[in-house]
Amino acid sequence: MAKITYPNGLKESGKALYKSIVTVYDLSVSEKQTLTEACRAVDRLDLLASELEKDPFNKSLMVETRLLSAHKVRLITALRLPEVLEDERVYRPQRRGGYRNGNRR
């Protein structure tokens, strides 16, 4: 297996996420950029978690953690990583995007 070159600045959790995906999937350049941002979000969530341990009632940290968690999920979802089902069929999540819902009144 080829050596993994991690994006600059990733910490332990971010590197773990990066490794878990790039060792399984062959990603395009744009997908690697999305993955890198997801990994950075994971690292920032670790930092926020450690800060929340010191000050568990800091509302601004709680809000930032909630927003960053949602952002991380959106980034990982945007990768549309295929999943191998029990019967060995490959399932790739539906691509959604663009304009939806129209101008309903």
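For the structure itself, look to the data block above.
What counts, and where the lines are drawn
- Residues numbered from 1 in each chain as written.
- Predicted model: local features only at pLDDT ≥ 70, side-chain atom pairs only at ≥ 80, totals over all residues.
- Heavy atoms only, no water.
- Helix = DSSP H or I, 4+ residues; strand = E, 2+ residues; numbered from the N terminus.
- Buried < 20%, exposed > 50% of the residue type's maximum accessible area, 1.4 Å probe, protein only.
- Contact = heavy atoms within 4.5 Å.
- Core = buried A, V, L, I, M, F, W, Y, C linked by side-chain atoms within 4.5 Å.
- Expected span 1.5 Å × (residues − 1).
- Salt bridge = Lys/Arg side-chain N within 4 Å of Asp/Glu carboxyl O.

**Quick notes on the environment of Ile76**
Thought 1: Secondary-structure assignment places Ile76 in helix H3 (residues 59–78).
Thought 2: Residue Ile76 is classed as partly exposed on the basis of its relative accessible area of 28%.
Thought 3: When residues no more than four places from it in sequence are discounted, the contact partners of Ile76 are Leu17 and Ala38.

**A few points about the nonpolar core**
Thought 1: In terms of nonpolar packing, the biggest core is built from 13 residues, with Leu17, Tyr18, Ile21, Leu27, Leu35, Cys39 and Leu81 touching the most fellow members.
Thought 2: Elements with a contribution of two residues or more to this core: helix H1 (12–22) and helix H2 (29–54).
Thought 3: Considering each element in turn, this core owes the most residues, four residues, to H2.
Thought 4: The next biggest cluster of nonpolar side chains, apart from the first, holds six residues, and it includes Ala41, Leu52, Leu61 and Leu68.

**Brief notes about the environment of Thr65**
Thought 1: Among the secondary structure elements, Thr65 is positioned in helix H3.
Thought 2: Using a relative accessible area of 18% as the deciding quantity, one classes Thr65 as buried.
Thought 3: As a C-alpha pair, Thr65 and Ala49 span 16 residues in sequence and 7.8 Å in three-dimensional space.
Thought 4: Filtering out sequence-adjacent residues up to four positions away, Thr65 remains in contact with Leu45, Leu48 and Leu52.

**Quick look at H2**
Thought 1: The terminal C-alpha atoms of H2, which comprises 26 residues, lie 38 Å apart, in line with the 38 Å expected from a rise of 1.5 Å per residue.
Thought 2: Residues of H2 that are buried: Leu35, Thr36, Ala38, Cys39, Ala41, Val42, Asp43, Leu45, Leu48 and Leu52.
Thought 3: As for H2, its buried residues are in contact with H1 and H3.

**Concerning unusual backbone geometry**
Thought 1: Look at Arg80: it is not a glycine, yet its phi comes out positive at around 50°.
Thought 2: Relative to the helices and strands, Arg80 resides in the loop between H3 and strand E1 (83–84).
Thought 3: When its relative accessible area of 14% is taken as the criterion, Arg80 is described as buried.

**Section: the pattern of salt bridges**
Thought 1: Taken as a whole and judged by the stated rule, the model has two salt bridges.
Thought 2: A salt bridge links Glu37 to Arg40, with the nearest nitrogen and oxygen atoms 2.9 Å apart. With Glu37 and Arg40 both in helix H2, this residue pair falls three residues apart, about one helical turn.
Thought 3: Between Lys54 and Glu51 there is a salt bridge, with its nearest N and O atoms 3.3 Å apart. A residue pair is termed a helical-turn pair when its members lie 3 or 4 positions apart in one helix, as Lys54 and Glu51 do in helix H2 at three residues.
Thought 4: Given the relative accessible area of 64%, Lys54 is considered exposed.
Thought 5: For Glu51, a relative accessible area of 31% puts it in the partly exposed group.

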